[in-house]
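Topology and contacts: notes
Each chain is listed here by its residues.
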Amino acid sequence: MAQVERNPGHSQWYVERFRTMAAEGQDIVGEARLVDAMLPRGARVLDAGCGPGRLAGYLHGVGHHVTGVDVDPALIAAAKQDHPGPRYEVADLATLPDLDLGAPFDAIVCAGNVVTFLAESTRRDVLRGFRAHLAPEGRAVVGFGTGRGYPVSVFFDDAAAAGLTPEVTLGSWDLRPWREGGDFLVAVLGVSRTA
């Protein structure tokens, strides 16, 4: 919520940015295509930090049961308008462990640098929420720029503390390999098998 409070115009700018990109024919759903490729049709997907619904809308459109959660009511309103179909909830991701979102999810996608906007004190809570809402074989797919104040090593420590372990690490949403020191990370996290 801090971003919304610091810059009240940010939400509308963000909505218009993706509307313009879509109108220009730019690819705004690459992250969702990657997640879709990991799932059978009809999977349950949580879009954590869904913003104006671009990924939730795509995943719903290809046959998944999607729930989008975002802290910003203006972004949720735009998601409902531009990408109807998914279930959308206004909620802080730090409260995920306590939210009733129904049956466990087969996948959770957290794109758009969402984790870098989290208060440092809530990062592990958010990752614990991912773990709490994942099916036993489910995966959380998290992508963010590595120069945005959340060191990769700290992210992996936080994930481990939350009961999540990396299964695949990539350097971009288009499947480029992760290299130490890279400027972007896409981590596919599974439920830890150790106690």
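Throughout this document, residue positions are counted from 1 along each chain, in the order its sequence is written. Since the coordinates come from a predicted model, pLDDT governs what is reported: local features require at least 70, and pairs of side-chain atoms require 80 or more to be given and counted, while whole-chain, interface and lining totals use all residues. Side-chain numbers come from the whole structure's heavy atoms, not from hydrogens or water.

The subject of this paragraph is the state of the cysteines. Note that a disulfide, as used here, is simply two cysteine sulfur atoms within 2.5 Å. According to the stated counting rule, one finds zero disulfides in the structure shown. Take Cys-50: it sits in no disulfide, and the sulfur closest to it among the cysteines is that of Cys-110, at 11 Å. Relative accessibility decides the category of a residue: with a 1.4 Å probe and only protein chains considered, values under 20% of the type maximum give buried, values over 50% give exposed, and everything between is partly exposed. Look at Cys-110 and you get buried, because its relative accessible area is 1%.

Attention now goes to the packing of helix 7 (residues 123–133) against helix 8 (residues 152–161). Running from amino to carboxyl end, helix 7 crosses helix 8 at an angle of 50°, the nearest separation of the two axes being 8 Å. Put simply, helix 7 runs oblique to helix 8. When you trace helix 7 past helix 8, the crossing you get is right-handed. Here Arg-123, Arg-124, Leu-127 and Arg-128 of helix 7 come into contact with helix 8, specifically with Phe-155, Asp-157, Asp-158, Ala-159 and Ala-161. Each residue gets one of three labels, nonpolar for Ala, Val, Leu, Ile, Met, Phe, Trp, Tyr, Cys and Pro, charged for Asp, Glu, Lys and Arg, and polar for the others, Gly among them. By residue class, the composition of the contact of helix 7 with helix 8 is four nonpolar, no polar and five charged. Here the axes come from fitting lines to C-alpha atoms, over the contacting stretch only for helices, and the angles between their N-to-C directions go from 0 to 180 degrees. To qualify as a helix, a DSSP run of H or I must reach at least 4 residues; to qualify as a strand, a run of E must reach at least 2; elements of each kind are numbered from the N terminus. Angles below 35 degrees are treated as roughly parallel, those above 145 as roughly antiparallel, those between 65 and 115 as roughly perpendicular, and all remaining angles as oblique. When the near helix sits turned anticlockwise from the far one by under a right angle, the crossing is termed left-handed; a clockwise turn instead gives a right-handed crossing. Note on contacts: a residue pair qualifies if any of its non-hydrogen atoms lie within 4.5 Å across the two residues.

Along strand 2 (residues 65–70), five of the six residues are buried, which leaves the element largely enclosed by surrounding structure. Two strands pair under a simple rule: DSSP has to find at least two bridges between them. Pairing analysis gives five bridges linking strand 1 (residues 44–48) to strand 2, with the strands arranged parallel. Residue Asp-47 lies in a different strand from strand 2, and its bridge partner there is Gly-68. As judged from the four bridges shared by strand 2 and strand 3 (residues 87–90), these two strands associate in the parallel manner. Looking across to strand 3, one finds that Thr-67 is bridged to Arg-87. A crossover links strand 2 with its parallel partner strand 3, the connecting element being helix 5 (residues 73–82), and its sense is right-handed. A right-handed crossover is one whose linking path, passing over the helix from the first strand to the second, runs clockwise when the strands point away from the viewer.

The next subject is the side chain of Asp-70. By secondary structure assignment, the location of Asp-70 is in strand 2. One buried charged residue, Asp-70, forms no salt bridge at all, with the nearest opposite charge on Arg-54 at 9.8 Å. Polar contacts, as counted here, are pairs of nitrogen or oxygen atoms within 3.5 Å of one another; within protein the pair requires one atom able to donate a hydrogen and one able to accept it, and residues that are adjacent in sequence qualify only if both atoms are side-chain atoms. Polar side-chain contacts of Asp-70 include one of 2.8 Å to the backbone nitrogen of Gly-51. One polar contact links the side chain of Asp-70 to the main-chain amide nitrogen of Asp-72, over a distance of 2.9 Å. In this tally, Lys and Arg are treated as positive and Asp and Glu as negative; His is ignored, and so are the chain termini. Whenever Lys or Arg places a side-chain nitrogen within 4 Å of a carboxyl oxygen from Asp or Glu, that contact is recorded as a salt bridge.

The element strand 5 (residues 134–145) is extensively covered by neighbouring structure, given that nine of its 12 residues are classed as buried. Examined bridge by bridge, strand 4 (residues 105–110) and strand 5 share five bridges and lie parallel to one another. Each bridged residue has a counterpart across the sheet, and for Val-109 the counterpart in strand 5 is Val-141. Here seven bridges tie strand 5 to strand 7 (residues 184–191), and the two strands are oriented antiparallel to one another. Opposite Gly-145, over in strand 7, you have Phe-184 as the bridge partner.

What follows covers helix 8. An α-helical turn contains 3.6 residues, so any two residues separated by three or four positions project in the same direction. Burial in helix 8 covers these residues: Val-152, Phe-155, Phe-156, Asp-158 and Ala-159. Along the axis of helix 8, the buried residues cluster in a sector spanning 160°; they form a single face. Of the surrounding elements, those touching the buried residues of helix 8 are helix 7, strand 5, strand 6 (164–170) and strand 7. Phi for Gly-163, located one or two positions after helix 8, is positive at around 90°. Directions pointing from the helix axis toward each C-beta atom define the arc.

What follows covers the UniProt feature "domain: Methyltransferase" (unreviewed entry) in the chain. UniProt positions are given in the numbering used here, feature names are shortened, and annotations may be inferred rather than shown by experiment. The UniProt record annotates "domain: Methyltransferase" (unreviewed entry) at residues 45–138. As a span, residues 45–138 carries 35% helix and 27% strand, and end to end its C-alpha atoms are 10 Å apart.

By the definition in use, this model includes 10 salt bridges. Between Arg-41 and Asp-36 there is a salt bridge, and its shortest N-O distance comes to 2.5 Å. With relative accessibility at 11%, the residue Asp-36 sits in the buried group. A salt bridge links Arg-87 to Glu-89, with the shortest nitrogen-to-oxygen separation between them at 2.8 Å. Relative accessible area serves as the criterion here: at 36%, Arg-87 is assigned to the partly exposed category. Relative accessible area serves as the criterion here: at 26%, Glu-89 is assigned to the partly exposed category. Beyond isolated ion pairs, a larger network of salt bridges with shared partners links Glu-16, Arg-19 and Asp-82.

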